[in-house]
Structures are given as structure tokens and as C-alpha cells.
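# Structural overview
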Amino acid sequence: MAKELLQNLIFSFYKDKRVILFIVILFYLSLSFILLGHYLHVFNDDSISYLTIANEYEDGNFSAAINGYWSPLFSWLMVPFFIFSSSVLGDLIAARLISVIIGLFTLMGVYLLINNLDFDRKTMIATLFVMIPVVLSFVFFLLTPDLLLTCCLIYYIAFLTDSDYYSKLKLGLLSGFAGGLAFLSKSYVFVFFPVHFILSNIYYLKSRPLERRSILKNLFIGLVVFLIIAGAWSSAISLKYEKFTFSTAGSYNYELYGPDSKENPVLSYGLLKPPNDQAISAWEDPSYFPMQEWSPFESSQSLVHLLQNFIQNIGKLYNDILLRFSVLSWLIIILGIYLTLKTKKGMVKDKLTIITGTILLYPLAYCIIFISERYCWPIYILLIVLGLYSLKTLFEMKLIHNTVYTILIVLISFSFIISPVLDLNDSYDGGEGYYILSESLRQTGVSGNVASDDNYVVSDKLCYYLNCNYYGGTNLSGPELNSELLNNNINYYFVWKEETIILNEFEESQDFNNKYLRVYKKIT
């Protein structure tokens, strides 16, 4: 009797898809807290900007915190956690916990999406368990808002592919709200969301002409909600910079990759004062960097430069980034396109069109300027979903047998696990040496304003641990270097290069011994 009751209980658990999600969440949270301490120091200069901006919000320094380059939502989410922190390590733990929570909501968003796609238990189990290492690799990567953006966009796609989208006004509202939060995560969405949302609804209007009225209402309410959210933030930063802008990041990066542009200003402009007292470096607000404007239409060379850059980035995307994530990426995209064209009108075609179309459309604007792996995280998740949804569609079309279906599910799932596991292994215990080095520098008394001769990112990271103002690096030497340091009130100068230097107003610290770094202190 007891055995039969247990069997029925196990069967009912297996039958309920929510139990699958619950088990996956348990695995995810357990692994997250086991791994948390091994990735605390995995961050870069971008991460430092988000962290210090959160500190400024926490302290009520809104004039400094409102920033046109770094979108605000990631920093906003840190603030309630920072209230309970009193140290840099506490802030790093809090920020990483935020990432764990965002990863949790991402998993629930994926569950919502694949539930809308009517995944059977077999494909649902495969999808959600594959997502564990994938999401963990995002969580324990650099502290950037790319996971937050991915989370918001997955919910947006889930709302857009809901079978009731054509009839429920709230789904248009939720789509706009998710798009708005995605914009507050990264300003790139200001370009992507309106284009994608309008095209998706135009497709629905053609595929569902009888639902025209409801679809138009959803289109209108979604755009209104998105523009209200985006407009509120755009107004705040436009007031600060005294010009209309929804972000300064796009124009900065566009000008950075111009035909005549030099390397990043923080690496080539010499010493730069941080924009406010709480900022670690000038990188907290690149909006103020003097950049060289350009237009692809000012000359044929400029137009060729833009087209070459776009083509190179497309090649990088498809030949490098996506293939590194899974060797089956190309096949999945091709299969998705084939099934989108092959299937008859209906729910399956609609959902295939939205998911495949999103994968193809999302990276295009990035490719005009620059494309990176973390920019493609939303595509990674949609590739997994598309791969398994395509198999499900082939099985339901009776084009593959059950045994082949199962084997292909295992094969595709395995292909998506390799890269995230390798990424987690590569960054395991990463950055701890810099924290140890910063503690040695703290004992030496390093404080105040700091400059260096090289290693911008590492020096910036050390200054974050030490709560110093980092003015960047300089290539000057001799009397010119001495004057540059004095004019910027530099207290300590980090020397990474092995060459001998002579500074009249600075002396090498004898209390600090490191084979890679020498520290010069201003003589008082």
C-alpha cells in the first residue's frame, strides 16, 4: 500500500511540470551558493562603474549617480543590498547575490517561454537542466547588466509568444514593461525593442487578420508603456548633459570605432580626473571624453569603413561567437528558418517565426559597431529553446521517430553545456591575486590619488579595493612625467614596466616588495 502510494506520488510529481522547475531551481541555488565565494573577484572596470554608481545612489548623491553611459537598473538593484554592507567585499558579495537572483528569474522566464511553446516533459527537462550551467556561467562572469538584459528579454519573448497574445491586452502591456526594463538594463534596447515589437505585430496582423483590433491595441499599449519608461530615464540624463539623449553609450562607441579614431581615450589621453569624488576613475562616465565625430556619408572611405566593420562583425558572430557556444548553432538556425517556412499557418509557425526572427535580428545593430560574447547571451538562450523546439516540431510532424528524437535531444543538450562549463572553469578563483596584492598595498599606506604607467584595468581594480582615485596611465617620462603627476596631485605612482625611472618629487616605497609592481610615493 505504502509502495503504491509512493509510486503514485512520484508519478504525479513527474507529471506536474512545475515540479521540474522546482527541482531545477534547487539545483541552481545549491550550485550558486557553493560557487559564490570562488568568483567574488571576477570583475573589470565596467563592473567598478556599476558598483560605484550604486554607492552614489545609496549615499543620495544623485547628481553623480545619474549617468548617461551606464544604464541604471543593475545599479538600482544593488542599492538595497549595499545598505547592509560596510566594505568592498560586502559590496561584491551583494552584487554577486543580485546576479544569482537575476539568474533565478531568468530560469523562471525560460520556463514560462517553453511552457508557452507547449514543450513536453522530455524537452522541458532537457531545456531547464541545460540552462543551469548556462545561467551559472552568466552569473559568475563579470559583474555587468548583460544577464539582467537577457532576463528581461526572455520575459518579453515569452509574453509575445503567449497563445493569448492576440486577445489579451495585458500581454501587450507586459511586453512593453519588459522592454522598458530591458532598456533600463542596457540602452541598446532603445533601438532593438521598437523595431522588433513593431515587426512582430505586423507579422501577427498578417497571420491573424481576424484578431486585427486586439493586435493593434497590444502594439499601441506596448509602445506607450515602453516609451513612458524610456522617456522618464532619457529626460533625467538629458537634463544632466543639457542635450537630448537616451544614452551616451551608443555615440561614444560609434565614434570610438570610427575610421580615424585612436584607441580608448583612457589608454591614450594621459591622466584623467574622475568625474566626482566617489568615482574610482574617469571610466565611470565616458560621456565627457572628447571624441572624434564621423559620418558614413561624409566620404566613400567612411562608408566603406562602416560596411567592412559590419561584415567583419557578422563574420565574428557566426564563425566565432555562436560556434564557440555550440558547434550546432548554424544547423539550429538553418533548421529554424526551414521549419518557419515549411510549417503551415498557426501557433507553431507564429512561435517559430518570433524566436528565429529574434535570433537573426537582435545582434544586427551591435554588428555595426562592435560585437562581444556577452552581448549574445539572449541569443544563446533562444538558440537552446529553438533547437529543442525544432526537434519537437519535427517529431510532431512525424519526420523523426521517438528514439531519434531522444538521441537528438541528448546531443543538442550536450553541445550547449560544454562552453559554459569551460568558462566557469577558466574563471574559477579568478582575480583573487589582485585582492591579495591590494591588501599588501593597503599595508604600505597607498591612498588618495593614484596613477600608473601601464595595466589600466588591473590598476583600476586595485584602486577599487583601496578606495583610491585612479587617474589612469601615462606614457610620459623624466621631468614631463614628474610635472604631470604633480599637476594632478598624484600621491602614488604604480610602475609595471621594468624600465628605470627618475622622479624628483617621488621616492620608491621600500615597504612594498613585488616582482611585477613598484610603487612610488610623493615626497611630503
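Just so you know, these numbers come straight off a predicted model, no measurement behind them.

Tracing the chain through its elements places Ser137 in helix α7 (residues 121–139). When its relative accessible area of 10% is taken as the criterion, Ser137 is described as buried. Here Val134 takes part through its backbone oxygen, which lies 2.6 Å from a polar atom of the side chain of Ser137. When residues no more than four places from it in sequence are discounted, the contact partners of Ser137 are Pro420 and Leu424.

Moving on to the confidence of the model for the protein chain. Low-pLDDT portions of the prediction should not be read for the details of their coordinates. Of the residues in the protein chain, 97% have a pLDDT of 70 or more, and the chain-wide mean is 93. Least confident of the elements in the protein chain is helix α1 (residues 2–15), whose mean pLDDT is 57; most confident is helix α8 (residues 146–160), at 98.

Further remarks concern the sheet that holds strand β2 (residues 469–473). One open sheet holds the five strands; their spatial order is β2-β1-β3-β5-β4, and the pairing between them is mixed. A strand with exactly one partner marks an edge of an open sheet, and here the two such strands are β2 and β4 (506–508). The mean inter-strand angle of the sheet, taken between neighbouring strand axes irrespective of direction, is 25°. In the sheet, strand β1 (residues 449–452) pairs with strand β3 (residues 492–495) via three bridges, with the strands oriented parallel. From the neighbouring strand, Ala451 faces β3, where its bridge partner is Tyr493. The strands touched by helix α21 (residues 456–466) within the sheet are β1, β2 and β3, with β2 carrying the most contacts at an inclination of about 170°.

As a further point, take the environment of Leu424. Tracing the backbone shows Leu424 in helix α19 (residues 402–426). For the pair formed by Leu424 and Tyr39, sequence separation is 385 residues and the distance between their alpha carbons is 9.1 Å.

A side chain of one charge can pair with a side chain of the opposite charge when the charged atoms of the two come close. One pass over the full model with this rule turns up nine salt bridges. Measuring nitrogen to oxygen at the nearest pair gives 3.2 Å for the salt bridge that ties Glu373 to Arg324. Placement of the pair is Glu373 in the loop between α17 (364–369) and α18 (377–396) and Arg324 in helix α14 (residues 300–325), with a sequence separation of 49 residues. Where salt bridges share partners, they join Asp46, Asp146, Lys186 and Arg374 into one cluster.

About the criteria used
Residues numbered from 1 in each chain as written. Predicted model: local features only at pLDDT ≥ 70, side-chain atom pairs only at ≥ 80, totals over all residues. Heavy atoms only, no water. Helix = DSSP H or I, 4+ residues; strand = E, 2+ residues; numbered from the N terminus. Buried < 20%, exposed > 50% of the residue type's maximum accessible area, 1.4 Å probe, protein only. Polar contact = N/O pair within 3.5 Å; in protein donor to acceptor, adjacent residues only side chain to side chain. Contact = heavy atoms within 4.5 Å. pLDDT = per-residue confidence, 0-100. Pairing = 2+ DSSP bridges. Axes fitted to C-alpha atoms, helices over the stretch in contact; angles between N-to-C directions. Salt bridge = Lys/Arg side-chain N within 4 Å of Asp/Glu carboxyl O.

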